[in-house]
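# Coordinate inspection notes
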Amino acid sequence: MRQIRLAGLAAGAATLALALSGCSLGDSPEDFDRTPKTVGTDLKAADTSGLQLPLIVEPLELVEPGWDLPVQSAGSIFLSAQTGEETLTYSAVDTKGTELWRAKRPSGCTGFTVTADGDTPLAVLTDSESSTDCDDDVTATAYDLKTGKKTWGPVDVPGPLRGPGTAFAPEDAPADDAVVLDPATGEPVGDSDGGDSDGVSHLGEYQGLVLDIDGGKLVASEDGETVWEHSLADNDWDAETLTAAAGAATGEGFIHLDAGDGAGPVFDRDSGDLLDDDARGVARDANTQAVVTLGKSGITVIDDLGKNELPVSVPQSVHLEAAAGGLLYLREGGKLRVHNSTTGSLARGYRADGSGVVAIPDVFTSAGVGTLRAGDRTLLATDRVVEESGEG
């Protein structure tokens with residue numbers, strides 16, 4: 001199995017970084033309507049002629065929503081934003097490739113999250129009427145992810161969205177100095193403006209579950225009731241350094257923390273079971289429902305049958321990019337290799353004769369559709385099947 005070179009991947013990341021940093025000027029934003037607008041338009045098929053597509057999406061029609069920010073999703077709906085000189089344009093697109101709604105924000109208000117109030121998925125967008133960089137006078141507003149209808153807000157928050165979930169903090173505040181909003185109401189969880197008088201520090205919010213450090217324990221609570229907890233001392237975790245892992249997902253059914261050295265524990269979101277105690281990478285295969293961790297024991301696949309440590313060489317330079325369709329996508333430098341998630345053996349993830357920029361699975365649903373990253377492009381593999389040309 002040959003390794004695939006990721007042409008354009010680094011350049012794409014640099015382009016995104018420039019797009020984000022270059023549009024935060026600190027001036028007062030121009031007055032414009034923030035209200036989400038219903039769209040209901042089917043996006044046209046994207047041109048994929050210059051891409052190497054994963055075999056798992058080859059039969060599917062891809063669309064290109066124009067997104068520049070990392071994608072979040074719930075169920076069959078995906079959310080992200082396109083960057084512009086003055087504004088961001090957020091848009092929600094479903095698995096049929098239909099743009100449901102869109103909303104504008106100042107160019108620096110890149111903080112957003114997808115959470116839930118019970119069974120209702122919500123999009124929480126940040127805003128500021130005084131600065132384009134969204135550092136001052138920040139507010140948060142929640143909308144129904146499917147319809148764009150406002151459910152609460154705007155609510156004043158102490159700074160930009162820090163995440164995971166509805167966690168907010170001033171730009172230069174300590175990592176644990178955050179306020180978490182209740183997704184159901186928009187009200188702050190507890191009586192806190194960060195770490196409160198009782199020494200509680202909020203680490204993040206995961207689809208309504210709030211994770212705190214409280215009295216020497218890691219405590220997960222929902223609707224004000226403790227769901228599970230772990231002792232910090234018993235696990236050699238330091239309250240001063242334990243934080244949410246960078247870019248941590250909130251809707252994948254697991255919680256990944258950083259113990260201070262870029263690696264840390266992974267928990268089952270609902271039960272609190274410790275899945276891995278020292279993972280530096282984690283992903284969930286939405287098709288198989290397995291959680292895959294990359295840590296000191298190598299690659300471990302965790303499912304209903306237990307834990308399976310794969311016989312795969314994973315030096316520190318290897319990164320877990322994705323898990324989808326029973327396959328693992330590993331990156332080392334500018335090369336990508338694909339492994340079978342059951343045996344660990346090399347697998348065929350792309351056409352052997354393919355050429356062009358490699359598209360890597362990103363956020364997928366259990367139905368096998370979702371987003372792909374290809375250099376500086378984000379595409380969505382829909383449930384629309386590619387039409388045959390009729391030639392042959």
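You'll find the structure just up there.
Throughout what follows, the structure given in this document is the object of discussion.

Definitions and limits used
- Residues numbered from 1 in each chain as written.
- Predicted model: local features only at pLDDT ≥ 70, side-chain atom pairs only at ≥ 80, totals over all residues.
- Heavy atoms only, no water.
- Helix = DSSP H or I, 4+ residues; strand = E, 2+ residues; numbered from the N terminus.
- Buried < 20%, exposed > 50% of the residue type's maximum accessible area, 1.4 Å probe, protein only.
- Contact = heavy atoms within 4.5 Å.
- Areas by Shrake-Rupley, 256 points an atom, 1.4 Å probe, with all protein chains shown as cover.
- Patch = residues over 30% accessible without salt bridge, like charges linked within 9 Å, V, L, I, M, F, W, Y side chains within 5 Å.
- Salt bridge = Lys/Arg side-chain N within 4 Å of Asp/Glu carboxyl O.
- Lys, Arg positive; Asp, Glu negative; His and termini not counted.
- Charge placed at Lys NZ, Arg CZ, Asp CG, Glu CD.
- Disulfide = S-S within 2.5 Å.
- Pairing = 2+ DSSP bridges.
- Core = buried A, V, L, I, M, F, W, Y, C linked by side-chain atoms within 4.5 Å.
- Axes fitted to C-alpha atoms, helices over the stretch in contact; angles between N-to-C directions.
- Phe/Tyr/Trp six-rings, centres within 6.5 Å; stacked < 30°, edge-to-face > 60°.
- Lys NZ or Arg CZ within 6 Å of the ring centre and 35° of its normal.

### Considerations on the overall build of the chain
- Check the secondary structure of the chain and you find 1 helix and 32 strands.
- Here the chain, with 392 residues, has 51% of them falling under the buried criterion.
- Within the chain, contacts between residues separated by at least 24 positions form 46% of all contacts whose residues are at least 6 apart in sequence.
- Of the roughly 17,800 Å² that the chain leaves accessible, carbon and sulfur atoms contribute 45%.

### As for a negative patch on the surface
- Together, Asp31, Glu129, Asp135, Asp136, Asp137, Asp156, Glu171 and Asp172 give the surface a local cluster of negative charge.
- Residue position: Asp172 is located in the loop between strand 13 (167-168) and strand 14 (179-180).

### Details of the state of the cysteines
- Overall, the coordinates contain 1 disulfide when judged by the stated rule.
- The partner cysteine of Cys109 in its disulfide is Cys134, sulfur to sulfur 2.1 Å. Between Cys109 and Cys134 the disulfide shows an S-S torsion of about 90 degrees. By sign, it is right-handed. One end of the pair, Cys109, is in the loop between strand 8 (98-106) and strand 9 (112-117); the other, Cys134, is in the loop between strand 10 (120-128) and strand 11 (138-144), with 25 residues separating them in the sequence.

### A look at the pattern of salt bridges
- Evaluated as defined, the whole model comprises 15 salt bridges.
- For Glu58, the salt bridge goes to Arg351, with nearest N and O atoms at 2.6 Å. Remark: Arg351 occurs in the loop between strand 28 (335-340) and strand 29 (357-358) and Glu58 occurs in the loop between strand 3 (51-52) and strand 4 (60-63); sequence separation between them is 293 residues.

### Let's talk about the pairing of strand 31 (residues 370-374)
- Of all 5 residues in strand 31, 4 are buried, a share of seventy percent or more.
- Counting the residues that bridge the hairpin from strand 30 (residues 360-364) to strand 31 gives 5 residues, and of these Gly368 lies at a positive phi of roughly 85 degrees.
- Direction of pairing for strand 31 relative to strand 32 (residues 377-385): antiparallel, over a ladder of 5 bridges. Looking at the pairing, Leu372 lines up with Leu379 of strand 32.

### Side note on the nonpolar core
- With 17 residues, the main nonpolar core has Leu79, Tyr90, Ala92, Trp101, Phe112, Leu125 and Leu145 as its most contacted residues.
- In this structure Phe112 touches Leu69, Pro70, Gln72, Leu79, Ser80, Tyr90, Val124, Leu125 and Leu161, once residues within four positions along its chain are discounted.

### Section: the sheet that holds strand 2 (residues 37-42)
- As summarised here, the arrangement of the 5 strands in space is 2-8-7-6-5, forming an open sheet in which the pairing is antiparallel. Edge positions in the open sheet fall to strand 2 and strand 5 (72-74), since each of these has one partner strand only. For this sheet, the mean inter-axis angle between neighbouring strands, taken without regard to orientation, is 25 degrees.
- By the bridge criterion, 7 bridges tie strand 7 (residues 87-94) to strand 8 in an arrangement that is antiparallel. The residue bridging Ser91 from the neighbouring strand is Arg102, located in strand 8.

### Points about the packing of aromatic side chains
- Evaluated as defined, the whole model comprises 5 aromatic pairs.
- Look at Tyr329 and Tyr350: their rings are 6.3 Å apart centre to centre, the planes differ by 85 degrees, and that puts the pair in the edge-to-face class. With Tyr329 in strand 27 (residues 327-332) and Tyr350 in the loop between strand 28 and strand 29, this residue pair connects regions lying 21 residues apart in the sequence.
- What makes Tyr350 buried here is its relative accessible area of 2%.
- Over the aromatic face of Phe32 sits the side chain of Arg34, whose NZ or CZ is 4.2 Å from the ring centroid.

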